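Survey of secondary and tertiary structure
For reference, the chains in residue letters:
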Amino acid sequence: MAKWAAFPYDAADYRYDFARLEKQWSRLHAGDAEPWPEDDKVVAAWALFHAGDFRKAVDAGLKAGGAGVAAANKAQCIYAHYLEKNAETQLALYLEAAARAEAQQRAEAENPNAWYWHGYALGRFSQGISVIKALAQGLGGKVKTALERTIALAPRHADAHIALGSFHAEVIDHVGRLIGRTQGADAATGLKMYRRALKLDPASLIGRVELASGLLKIEGEKGRREAERLLAQAAAGLLFLPWFLHVLGNFHGIEPGVYEPFGRLAHALWRMGVGPA
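These remarks concern the structure in this document. Please read these numbers as outputs of a predicted model, since none were measured by experiment. (Residues numbered from 1 in each chain as written. Predicted model: local features only at pLDDT ≥ 70, side-chain atom pairs only at ≥ 80, totals over all residues. Heavy atoms only, no water.)

**Looking at unusual backbone geometry**
Its identity is not glycine, yet Ala33 carries a phi of approximately 55°, on the positive side. If you trace the backbone, Ala33 turns up in the loop between α1 (18-28) and α2 (40-50). Positive phi is not limited to glycine here, since Ser130 has a value of about 105°. Residue placement: Ser130 occurs in the loop between α6 (112-129) and α7 (131-136). (Helix = DSSP H or I, 4+ residues; strand = E, 2+ residues; numbered from the N terminus.)

Now the structure itself:
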């Protein structure tokens, strides 16, 4: 792998020993429904992930094997989405994670996160090359199938509901509702997935940000008021973070693209353990 960028914030407070990580596990993994690992080597990989040591987390997860593959795939996908600046490298990281997840499916067909990280990585790759191009290549169906399979195996997988909601929203936003139906996208289903995710993980900040995004993509101006309310809730949940003061202006008027920088940063930090215990 090429040199990875360092996590740009002080992660000292987010370095967990095993006992503290186990205590915080249900909160940290409320979204991905990942069970507490039985293998200490896998626990160590997750501890590296939550501290922002993404490259080390990938290496440790792959070395541990088995359940460690999920830690490796999450670390790689989160790094690619939030920290990797080179577009070609980012796409390569997504494809590599997707291939690993697909291989894991063959070995562990009943593992929800083998399907989830396949769908997530392909979804991010699709956004990177353009949704329309990805649909033409048949990637949309693969993303949808993987995420639906995740939910079938783990009905309380909140992150899979968010990702599936985003699939519907992205397709509709790019090709419209009518053509979107030919790709399996449906407005009502997309919003249902987002809302179900928030019921499963009520404390999720990214769930609110993504639902707000989905409302604007699916309903446009009609969804603006609810989107503003959701973003205000997410903002209130992050007020304890010192760096949040400089992004408050991002919510004023919710101009197109304004919520995205906040969502990306909020997701990265929240998933690494930043937030109320």
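**Observations regarding helix α5 (residues 87-107)**
Because each turn of an α-helix spans 3.6 residues, side chains separated by three or four positions in sequence point in the same direction. Compared with an ideal rise of 1.5 Å per residue, which puts 21 residues at 30 Å, α5 spans 31 Å between its outermost C-alpha atoms and is within 8% of the ideal. Of the positions making up α5, those classed as buried are Gln90, Leu91, Leu93, Tyr94, Ala97, Ala98, Arg100, Ala101, Gln104 and Gln105. Two to three positions downstream of the cap, the backbone nitrogen of Glu88 sits 3.1 Å from a side-chain oxygen, assigning the N-cap of α5 to Asn86. (Expected span 1.5 Å × (residues − 1). Buried < 20%, exposed > 50% of the residue type's maximum accessible area, 1.4 Å probe, protein only. Polar contact = N/O pair within 3.5 Å; in protein donor to acceptor, adjacent residues only side chain to side chain.)

**Topic: the side chain of Asp159**
Within the secondary structure, Asp159 is located in helix α9 (residues 158-182). Look at Asp159 and you get buried, because its relative accessible area is 7%. At 3.4 Å, the side chain of Asp159 and the backbone nitrogen of Asp32 are in polar contact.

**What about the pattern of salt bridges?**
Scanning the entire structure with this criterion turns up 10 salt bridges. Glu110 is the salt-bridge partner of Arg149, the closest N and O atoms lying 3.2 Å from each other. Here Arg149 is found in helix α8 (residues 139-153), whereas its partner Glu110 is found in the loop between α5 and α6, with 39 residues between them in sequence. Close ionic contact of Glu170 with Lys217 constitutes a salt bridge, the shortest N to O distance being 2.7 Å. With Glu170 in helix α9 and Lys217 in helix α11 (residues 205-219), this pair connects stretches of sequence that are 47 residues apart. According to the relative accessible area criterion, Lys217 is partly exposed, its value standing at 22%. Here the salt bridges do not stand alone but share partners, grouping Arg195, Glu226 and Arg229 into one network. (Salt bridge = Lys/Arg side-chain N within 4 Å of Asp/Glu carboxyl O.)

**Some points on the nonpolar core**
Counting 73 residues, the largest nonpolar core has Leu21, Trp46, Phe49, Phe54, Cys77, Tyr116 and Leu211 as the members making the most contacts within it. For this core, the element with the most residues is helix α4 (residues 68-82), which contributes nine residues. (Core = buried A, V, L, I, M, F, W, Y, C linked by side-chain atoms within 4.5 Å.)

**What to know about the layout of surface pockets**
Remark: the empty space left among the atoms is shown by a probe the size of a water molecule rolled over them. Empty space within the second largest pocket amounts to approximately 220 Å³. What lines the second largest pocket is a set of 15 residues, and nearest its centre among them are Glu34, Pro35, Ala67, Asn111 and Pro112. When grouped by side-chain class, the residues that make up the lining of the second largest pocket number eight nonpolar, three polar and four charged. (1 Å grid on protein atoms, 1.4 Å probe; cavity = no way out; pocket = protein on both sides within 12 Å on 5 of 7 lines; lining within 4 Å. Points joined across faces, edges and corners; volume = space filled by probe spheres on them. Nonpolar A, V, L, I, M, F, W, Y, C, P; charged D, E, K, R; others polar.)

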